[in-house]
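For reference, the chains in residue letters:
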Amino acid sequence: MSVELPFAPVDAVIRRHAGSLRVSSEATEELAERIQERGARLAADAAQRATDDDRKTLQAADFETDAAESGELELPVAPVDRIARLDIDDRYRVARDARVALAGRLERYAGRVATAAAVLARHAGRRTITVADVETYFELAPYYHNE
């Protein structure tokens, strides 16, 4: 699976939650890959909900969120649209509000990961968030409630 999401907006999300910490490019790349995997899974689930409702267009409600609550986003909608289409059949359409809703949901997800990675970096006494911090978050995530 190639990464569709540009690294710059992912880096911006991490930095927003990192405070004074630096961010390694490997950490940004890892989080971009994780965001993409998450987005593809969410889109596949949304497609199943649309199928259950006898629809071929994914809507914001299929992502269990509202596009209106997304506000200003760092993650660009066009790559999020490509991510949404990675694991769904070509017969589905993705409505604009659904793309925005998915982008908002993925950005909130990235923010939670970035916040936790910053805590892990500080705990390790480092001034840089590394790929190890992002990976450690995902190793620990099964032990905590996640969205």
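Residues numbered from 1 in each chain as written. Predicted model: local features only at pLDDT ≥ 70, side-chain atom pairs only at ≥ 80, totals over all residues. Heavy atoms only, no water.

## Remarks on the side chain of D62
- If you trace the backbone, D62 turns up in the loop between strand 2 (57-58) and helix 3 (77-84).
- At 2.8 Å, the side chain of D62 and the backbone nitrogen of Q59 are in polar contact.
- Every residue in contact with D62, bar those within four places of it in the chain, is listed here: A46, R49, A50, R55 and T57. (Helix = DSSP H or I, 4+ residues; strand = E, 2+ residues; numbered from the N terminus. Polar contact = N/O pair within 3.5 Å; in protein donor to acceptor, adjacent residues only side chain to side chain. Contact = heavy atoms within 4.5 Å.)

## Regarding helix 2 (residues 25-52)
- Look at helix 2: 41 Å from first C-alpha to last across 28 residues, which is about the 40 Å you get at 1.5 Å a residue.
- Of the residues trailing helix 2, D54 is marked for its positive phi of about 60 degrees. (Expected span 1.5 Å × (residues − 1).)

## Here's the deal with the packing of aromatic side chains
- Throughout the structure, instances matching the rule amount to two aromatic pairs.
- Each ring, one from Y109 and one from F138, has its centre 6.3 Å from the other, and the planes form 50 degrees; the classification is tilted. A residue pair is termed long-range when its members are at least 10 positions apart, and Y109 in helix 4 (residues 96-123) and F138 in helix 5 (residues 131-140) qualify at 29 residues. Residues Y109 and F138 agree in their burial class; the two are buried.
- Where Y137 meets F138, the ring centres are 5.0 Å apart and the plane angle is 85 degrees; that geometry is what we call edge-to-face. One exposure class covers both Y137 and F138, and it is buried. (Phe/Tyr/Trp six-rings, centres within 6.5 Å; stacked < 30°, edge-to-face > 60°. Buried < 20%, exposed > 50% of the residue type's maximum accessible area, 1.4 Å probe, protein only.)

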